[in-house]
Amino acid sequence: MSKENKTKAEAQKEKLFAENKNAYEVCNDAEIKKAYKYCESYKKFMNEAKTERESVDKAVEMLKKAGFTPFEYGKKYSTGDKVYLNNRGKALYITVFGKKNLEEGLNIAAAHNDSPRIDLKQCPLYEDGGMALFKTHYYGGIKKYQWVTVPLALHGVIVKENGEVINVCIGEDENDPVFYITDLLPHLGKDQEAKTLGKAFTGEQLNVLVGSKPYGDEKISEKIKLNVLALLNEKYGTTEADLVSSELCLVPAAKARDIGFDRSIIGAYGHDDRVCAYPIVTAAIEVAKTVPEYTCVTILADKEEIGSEGNTGMQSFAFENMLVEMAENAKVNPRKMFENSKCLSADVNSCYDPTYPEVYEARNSAFLNKGVAVTKFTGARGKSSTNDAHAEYVGLVRKIFNENKVLWQACELGKVDIGGGGTVAMYLAKLNIDVIDVGVPVLSMHAPYEAVSKTDVYMTYKAFCAFFERK
Ligand code: MN
Ligand code: MN
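About the cut-offs
Throughout, residues of each chain are indexed from 1 in the direction in which the sequence is written. Lettering of chains starts at A and numbering of ligands starts at 1, both following the order in which they are written. Totals for whole chains, interfaces and linings use all residues, but because this is a predicted model, local features are given only for residues with pLDDT of at least 70 and pairs of side-chain atoms are given and counted only at 80 or more. Only hydrogens and water are set aside when side-chain values are computed; all heavy atoms of the structure are taken into account. Atoms of type N, O and S within 2.8 Å of a metal are treated as its donors, and for Na, K and Ca the window is 3.2 Å; water is not considered, so some sites may appear to be missing partners. Secondary structure is summarised from DSSP: a helix means a run of H or I of at least four residues, a strand means a run of E of at least two, and numbering begins at the N terminus for each. Categorising residues by exposure relies on relative accessible area from a 1.4 Å probe, with only protein chains included: less than 20% of the type maximum marks a residue as buried, more than 50% marks it as exposed, and the intermediate range marks it as partly exposed. Whenever a carboxyl oxygen of Asp or Glu lies within 4 Å of a side-chain nitrogen of Lys or Arg, that contact is scored as a salt bridge. Contacts are residue-level and defined by heavy atoms, with any inter-residue pair within 4.5 Å sufficient. Whether two strands pair comes down to DSSP finding at least two bridges between them. To get an axis, a line is fitted to the C-alpha atoms, and for a helix only the part in contact is used. The angle between two axes follows their N-to-C directions and goes from 0 to 180 degrees. The rule is short: rings of Phe, Tyr and Trp, with Trp giving its six-membered ring, pair when the centres are within 6.5 Å, and they are stacked under 30 degrees, edge-to-face over 60, tilted in between. For a Lys NZ or an Arg CZ to count as sitting over a ring, it must be within 6 Å of the ring centre and within 35 degrees of the ring normal. With a 1 Å grid laid over protein atoms only, a set of points is called a cavity when a 1.4 Å probe fits there but cannot get out and a pocket when it is open yet has protein on both sides within 12 Å along at least five of seven lines; lining residues have an atom within 4 Å of a point. Grid points are joined across faces, edges and corners, and a volume is the space filled by probe spheres set on the points. Put simply, Ala, Val, Leu, Ile, Met, Phe, Trp, Tyr, Cys and Pro go in the nonpolar bin, Asp, Glu, Lys and Arg in the charged bin, and everything else, Gly too, in the polar bin.

Observations concerning the coordination of the manganese ion (ligand 2)
No. 1: Around the manganese ion (ligand 2), the donor atoms from the protein are Asp-272 (OD), Glu-305 (OE), Glu-305 (OE) and His-446 (NE2), and they sit 2.0 to 2.6 Å away.
No. 2: Donor residues for the manganese ion (ligand 2), ordered by position in the chain, follow D-x32-E-x140-H.
No. 3: Between the manganese ion (ligand 2) and the manganese ion (ligand 1), a spacing of 3.4 Å is present, and a bridge between the two is formed by Asp-272. With a gap of 33 residues between them, Asp-272 in helix H8 (residues 271-287) and Glu-305 in the loop between strand S14 (295-301) and helix H9 (318-329) connect regions that are remote in the sequence.
No. 4: Owing to a relative accessible area of 3%, Asp-272 belongs among the buried residues under this scheme.

Here it is in structure tokens:
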């Protein structure tokens, strides 16, 4: 229908209603092609960065290639400088210095790069029933039943007494072995099936099968355990005692792949929150190509999945210390800098799932392909434990996105009082910074294999480019 033929009501409706459009309605073919192309590099990143350490390593590699250098204490930086501070190989703070005085505030993007997984205990290896197994202690919020009978890869580090750090990654190469957590067969699962999901699988049952072949034919005890230790010793020069100072975890061995006949969706382990970490790092690299107005800071935080604790988590002073250092070296008041800073907390939200409509309130849910999800508040039970962004700030973010043709949608996490969740937003807000959550809607969040839409990933990248380039 042409414009002239619209009735007054139709015209009014078009003007007055807020409508969430779908990316395939608003983007032309060229832009969809661009989105899909961007996602190819994202998938590659996901296959190489399955832990926070690997994610930081990968990001540093990308930054170095783009001319970023390590942050130096005591140094006065100037417009156009681009640096990164690597916090213990697990968290990363990237800065692109802009034209404005630091006192006018920073543009901050903060994602986390840890994901739920199965960590090994510090004394993990034992032999039982003719098998060698690892004891584990899961990390983050998992539904335990999802992690049994799937191929797992072992990632992490073993640190020897002499300080030598040994990187471990087994199960990613096609020729590598994988690891495995067993489950009961249905034939003997009657009692298990009668239990509730939360009780049918316990943390202590998440034991990982790592071998069954005895060491030689010698008449000693625990020959299968000995054989595993001998193989580790041969490969890494380690002993059982070295495992005490290791950080080893099991993550799904599956690679990132397209989902669906139309290839519009990506399945991968750890979209939460590397599906935001990758866009903000690539946006930082993009904005550094032209000098931004405001200084732009990108954070990859660790330990979000366990409450942002620890000195690599967002509750640590590490980030604040770096910003204060920057302010002092530039002879500006850090308090004013914080007060004027704006942050987009880049974290995923739950995508509406038509198979489980009962937990979503559809008018305030994020949908697949409707763009980057803007979440004013997270938390639970009457907005407790959340940063509830100010309307003024939501207004600014809305303006930036609309002016830059970023497709976005406003949402919250599920129905009121049905659950809840949190992000790093409230820890940045504590620094007196304006913060709001902005990120990709995810299906099956925290599962070993999560799903996101390609257009949503691309819109998130576009959102952060627009935010970093704000005037
Ligand atoms: Mn998250
Ligand atoms: Mn999470």
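Observations regarding the pattern of salt bridges
No. 1: Counted by the stated rule, this structure contains 29 salt bridges.
No. 2: The partner of Asp-258 in a salt bridge is Lys-454, and the shortest N-O contact between them spans 3.0 Å. On the criterion of sequence distance, the pair formed by Asp-258 in strand S12 (residues 257-259) and Lys-454 in helix H13 (residues 454-468) is long-range, its members being 196 residues apart.
No. 3: The network of salt bridges with common partners includes Glu-40, Lys-43, Asp-258, Arg-263 and Lys-454.

Some words on the environment of Gly-74
No. 1: Position of Gly-74 among the secondary structure elements: in the loop between strand S1 (69-70) and strand S2 (82-87).
No. 2: According to the relative accessible area criterion, Gly-74 is exposed, its value standing at 58%.
No. 3: A sequence separation of 163 residues divides Gly-74 from Gly-237, and the C-alpha atoms of the two residues are 40 Å apart.
No. 4: Residues within four places of Gly-74 in sequence aside, it is in contact with Glu-325 and Asn-329.

Notes on the sheet that holds strand S13 (residues 265-268)
No. 1: The strand order across the open sheet formed by three strands is S12-S13-S21, and the pairing between neighbours is antiparallel. The open sheet terminates on both sides in strands that have one partner only, identified here as S12 and strand S21 (450-453). Geometrically, the sheet is characterised by an average inter-axis angle of 35° between neighbouring strands, direction not taken into account.
No. 2: Of the strand pairs in this sheet, S13 and S21 are connected by four bridges, and their pairing is antiparallel. Bridging across to S21, Ala-268 finds its partner in Glu-450.
No. 3: Sitting on the sheet, H8 is in contact with S13 and S21, with an inclination near 35° to S21.

Description of the packing of aromatic side chains
No. 1: In the structure shown here, the tally under the stated rule is 15 aromatic pairs.
No. 2: Ring geometry for Phe-71 against Tyr-77: centres 5.7 Å apart, planes inclined by 25°, an arrangement best described as stacked. Considered together, Phe-71 and Tyr-77 belong to a single accessibility category, that of buried residues.
No. 3: Geometrically, the ring pair formed by Phe-467 and Phe-468 is tilted, given 6.0 Å between the ring centres and 35° between the ring planes. Pair check on accessibility: Phe-467 and Phe-468 agree, each one buried.
No. 4: One aromatic cluster is present, built from ring pairs that chain together Tyr-38, Tyr-42, Phe-45, Tyr-278, Tyr-458 and Tyr-461.
No. 5: Directly above the ring of Tyr-294 sits Arg-470, whose terminal nitrogen or CZ lies 3.9 Å from the centroid.

Considering empty space enclosed by the protein
The gaps of empty space that remain are located by a probe, the size of a water molecule, rolled over the atoms.
No. 1: Following the criterion strictly, the structure yields two cavities of 30 Å³ or more and no others.
No. 2: Reported here for the largest cavity is a volume of approximately 40 Å³.
No. 3: Around the largest cavity, the lining residues are Lys-75, Lys-76, Tyr-77, Phe-97, Leu-102, Met-326, Asn-329 and Ala-330.
No. 4: Across the lining of the largest cavity, the residue classes tally to five nonpolar, one polar and two charged.
No. 5: Approximately 30 Å³ is the volume attributed to the second largest cavity.
No. 6: In this structure, the second largest cavity is lined by Val-374, Val-394, Val-397, Arg-398, Phe-401 and Trp-408.
No. 7: Of the residues forming the lining of the second largest cavity, the biggest block, four residues, is contributed by helix H11 (residues 391-403).
No. 8: Broken down by class, the residue content of the lining of the second largest cavity amounts to five nonpolar, no polar and one charged.

Concerning the coordination of the manganese ion (ligand 1)
No. 1: Protein ligation of the manganese ion (ligand 1) involves His-112 (NE2), Asp-272 (OD), Asp-347 (OD) and Asp-347 (OD), the donor distances falling in the range 2.1 to 2.6 Å.
No. 2: Ordering the donors of the manganese ion (ligand 1) by residue number gives the pattern H-x159-D-x74-D.
No. 3: Judged by its relative accessible area of 1%, His-112 falls in the buried class.

Considerations on the layout of surface pockets
No. 1: Roughly 1,200 Å³ of internal volume is contained in the largest pocket.
No. 2: Lining the largest pocket are 42 residues, and of these Ser-350, Leu-413, Gly-420, Met-445 and His-446 sit closest to its centre.
No. 3: Of all the elements in the fold, those that place two or more residues in the lining of the largest pocket are strand S16 (349-350), strand S17 (372-375), helix H12 (425-429) and strand S19 (434-439).
No. 4: Top contributing element to the lining of the largest pocket by residue count: S19, with three residues.

Just geometry here; none of it tells us what the structure is for.
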